[in-house]
Amino acid sequence: MNKSVNSNQKTADFIIIGGGIAGAAAGYELSKIGKVIILEKENLPGYHSTSRSSAIFQKSYHHGDPLLNILVCASEDFLMNPPDDFTSYPLLSPRPLMYIVPNGKRSKLEALQKDLIKINIDSHYIDHAEVKKLLPILDQNYQDNVLLEQDAADIDVNALHQGYLNHIKAHDGEIITNAEVMDLKRLRNQWHLKTKVGEFIAPIVVNAAGAWVDEVARHANITPINIEPLRRTVIMVTLPKTLCPDHWPLVMDIDKGYYFKPDSGKILMTPGDSHLSPPLDAQPEEIDIAYGAHYLENATTLTVDKINHSWAGLRNYVKDGYPVVGFDPEQDGFFWLAGQGGFGIKTAPAMGRISAALIKDGKLPQDILGLGLTEDQISINRLKPKVPAYKTTS
Ligand SMILES: Cc1cc2nc3c(=O)[nH]c(=O)nc-3n(C[C@H](O)[C@H](O)[C@H](O)COP(=O)(O)OP(=O)(O)OC[C@H]3O[C@@H](n4cnc5c(N)ncnc54)[C@H](O)[C@@H]3O)c2cc1C
């Protein structure tokens, strides 16, 4: 089944379009049951959203959204205890999360805490002395309103991504770069994918093309899901040599939506911007960089003298903000793995397992069902217009 048909054709059991974290996680799980080929249009898998994230693991993501909480919780065990041969680096490094608001906005923190209680996340207010100990640079205007969530963490995104890709290669799989899929056709129960480096054939195709998932669907003559890529900016701020930020917490302002955390002796800061964009190689804009610096100066005693570097990436959403995982109803063998927004790294292990289980068994893994996720919450069918029921007239 997997032999090459001619020198320009390769076959596999599963072809994955896109070598970011989503395609890599699905490929990791699928390579346990068949041959996987990942086709990536750039010369580096991970070039787009995956290498541009803030690398945060947070169970309270999106104000404690219950569905996203399930996906994060279902990923936690893998991230904390990956298989022995997966990586030699810890995938998670603890970093407590401080939620802050300025004076006069405490009701926002109280509302957040109520939402966190609903999904069993422990958080508590801390006093000035503890604030000073944890984050000596926090501005006075914020020190009365600090809610601490203890079990957030940094994710080693590169170790996770490379762990997945290495496992695929070690199990007869291939990661082929500079291989943009430009055409897909279904012929005799097989998908035929055309790229500049040859033709690839498999019964099942996984569309994990990030901001480009609709473009890929159009190549296959399949109705798109109206993905909305939203650009977000990150700046890296150089600190005075006298400061040692490594143990400072992650700080999120739930009034304005910006957040910052230490990263390699600097501060990683995002103004929390969200600008609708076409799918492209996203670049930061001056105005968003300036907002980042402004918010950091406002929330802390720091003066931003030097921005070491900055970047932007796309967070890709469908209209309800939840991922799209499952087979397309229009065409056999076309599987969507899309819409991971700002949570695609921390949920990658669960999304990979869900993808493989739906492809292999047609149902969700038992443990994830047990956490309360249902297939219709992530299925593409929820995005399709409902056909009105036929009404009889008397
Ligand atoms: C600023 C920012 C901060 C973030 N912070 C976090 C965070 O703290 N925690 C978290 O969990 N998530 C975070 N995210 C979200 C996370 O980065 C994304 O959800 C995740 O990377 C999406 O992975 P992906 O594989 O779907 O997309 P991508 O990494 O974009 O991969 C898709 C790949 O498909 C390829 N491709 C497209 N078209 C084709 C084609 N026709 N043929 C072949 N290949 C194709 C692209 O080149 C690309 O490499 C953040 C995102 C941004 C932008």
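Caption draft 1: Up close: the overall build of the protein chain. Looking only at helices and strands, the protein chain features 11 helices and 22 strands. Here the protein chain has a C-alpha radius of gyration of 22 Å; the compact-globule value for 394 residues is 21 Å, and the two agree. A principal-axis box enclosing the C-alpha atoms of the protein chain has dimensions of 70 × 65 × 40 Å. A total of 394 residues make up the protein chain; the buried ones form 46% of that total. Considering only contacts in the protein chain between residues 6 or more positions apart, those separated by 24 or more positions represent 72%.

Caption draft 2: Highlighting helix 6 (residues 157–170). Compared with an ideal rise of 1.5 Å per residue, which puts 14 residues at 20 Å, helix 6 spans 20 Å between its outermost C-alpha atoms and is within 8% of the ideal. When we look at burial in helix 6, the residues that qualify are Val-157, Leu-160, His-161, Gly-163, Tyr-164, Leu-165, His-167 and Ile-168. Directly beyond the C-terminal end of helix 6, a positive phi value near 70 degrees is found at Asp-172.

Caption draft 3: A look at the sheet that holds strand 4 (residues 56–57). Read from one edge to the other, the open sheet built from three strands follows the order 4-9-5, with strand pairing classed as antiparallel. The open sheet terminates on both sides in strands that have one partner only, identified here as strand 4 and strand 5 (92–94). Where strand 5 meets strand 9 (residues 153–155), three bridges bridge the pair, whose relative direction is antiparallel. Across the sheet, Leu-92 pairs through a bridge with Ile-155, a residue of strand 9.

Caption draft 4: Summary view of the site of the ligand. Near the ligand lie 41 residues; those nearest to it are Gly-18, Gly-20, Gly-210, Gly-313 and Gly-344. Broken down by secondary-structure element, the contributors of at least two residues to the shell around the ligand are helix 1 (21–30), strand 15 (228–237) and strand 20 (307–317). The residues that make up the shell around the ligand include at least three from each of domain 1 (9–51 + 157–227 + 320–383) and domain 2 (96–151 + 228–314).

Caption draft 5: The domain arrangement of the protein chain, seen in detail. Once the domains are mapped, the protein chain shows domain 1 (9–51 + 157–227 + 320–383) and domain 2 (96–151 + 228–314). Between the C-alpha centres of domain 1 and domain 2 there is a distance of 32 Å. Taken together, the contacts link seven residues of domain 1 with five residues of domain 2. Grouping the constituent residues of the side of domain 1 that touches domain 2 by class yields three nonpolar, three polar and one charged.

Caption draft 6: Structural context of the sheet that holds strand 2 (residues 14–17). Spatial ordering of the open sheet is given by 10-3-2-14-22-21, a layout of six strands whose pairing is mixed. Each edge of the sheet is formed by a strand with only one pairing partner; in this case those strands are strand 10 (174–176) and strand 21 (324–327). Between one strand axis and the next, the sheet turns through 15 degrees on average, direction left out of account. For strand 14 (residues 204–207) and strand 22 (residues 334–338), the ladder comprises three bridges, and the chain directions are parallel. Looking across to strand 22, one finds that Val-205 is bridged to Phe-334.

Caption draft 7: Summary view of helix 3 (residues 66–80). Its 15 residues place the ends of helix 3 21 Å apart at the C-alpha level, agreeing with the 21 Å of an ideal helix rising 1.5 Å per residue. As for helix 3, its buried residues are in contact with strand 4, helix 2 (61–64), strand 5, strand 9, helix 9 (348–361) and helix 10 (366–370).

Caption draft 8: The arrangement of the environment of Lys-196 in detail. Tracing the backbone through its elements, the reader meets Lys-196 in the loop between strand 12 (190–195) and strand 13 (198–202). For Lys-196 and Glu-180, which are 16 residues apart along the polypeptide, the C-alpha to C-alpha distance reads 7.1 Å.

Caption draft 9: Expanded view of the pairing of strand 22. Counting buried positions along strand 22 gives five out of five residues, so the element sits mostly inside the fold. Neither face of strand 22 is exposed, since Phe-334, Trp-336 and Ala-338 on one face and Phe-335 and Leu-337 on the opposite face are all buried. Two successive antiparallel strands, strand 21 and strand 22, enclose a turn made up of six residues, where Gly-333 displays a positive phi of approximately 75 degrees.

Caption draft 10: Summary view of the nonpolar core. Membership of the largest hydrophobic core comes to 112 residues, with the highest contact counts inside it found for Ile-15, Ile-17, Val-205 and Leu-337. A domain split of this core shows at least three residues from each of domain 1 (9–51 + 157–227 + 320–383) and domain 2 (96–151 + 228–314). In this structure Val-205 touches Ile-15, Ile-17, Leu-184, Trp-191, Leu-193, Gly-333, Phe-334 and Phe-335, once residues within four positions along its chain are discounted.

Caption draft 11: Summary view of the packing of helix 1 against helix 6. Two elements in contact, helix 1 and helix 6, have axes separated by 8 Å at closest approach and are oriented at 40 degrees. One element, helix 1, and the other, helix 6, form an angle in the oblique class. As for the relative orientation of helix 1 and helix 6, their crossing is left-handed in sense. Contacts between helix 1 and helix 6 involve Ile-21, Ala-24, Ala-25, Gly-27 and Tyr-28 from the first element and Leu-160, His-161, Tyr-164, Leu-165, His-167 and Ile-168 from the second.

Caption draft 12: Representation of the pairing of strand 2 in the model. By the alternation rule, side chains of strand 2 split into Phe-14 and Ile-16 and Ile-15 and Ile-17, which are all buried. Direction of pairing for strand 2 relative to strand 3 (residues 36–39): parallel, over a ladder of four bridges. What sits directly across from Ile-15, in strand 3, is Ile-37. When strand 2 meets strand 14, the two strands line up parallel, connected through four bridges. Within strand 14, the residue paired with Ile-17 across the bridge is Asn-207.

Cut-offs and rules
- Residues numbered from 1 in each chain as written.
- Predicted model: local features only at pLDDT ≥ 70, side-chain atom pairs only at ≥ 80, totals over all residues.
- Helix = DSSP H or I, 4+ residues; strand = E, 2+ residues; numbered from the N terminus.
- Rg over C-alpha atoms; globule rule 2.2 N^0.38 Å.
- Buried ≥ 20, exposed ≤ 12 C-beta atoms within 10 Å, placed from the backbone.
- Contact = placed C-beta atoms within 7 Å.
- Expected span 1.5 Å × (residues − 1).
- Pairing = 2+ DSSP bridges.
- Near = placed C-beta within 6 Å.
- Domains from an automatic or database assignment.
- Nonpolar A, V, L, I, M, F, W, Y, C, P; charged D, E, K, R; others polar.
- Axes fitted to C-alpha atoms, helices over the stretch in contact; angles between N-to-C directions.
- Core = buried A, V, L, I, M, F, W, Y, C linked by C-beta atoms within 7 Å.
- Parallel < 35°, antiparallel > 145°, perpendicular 65-115°, else oblique.
- Left-handed = near helix turned anticlockwise from the far one by under 90°.

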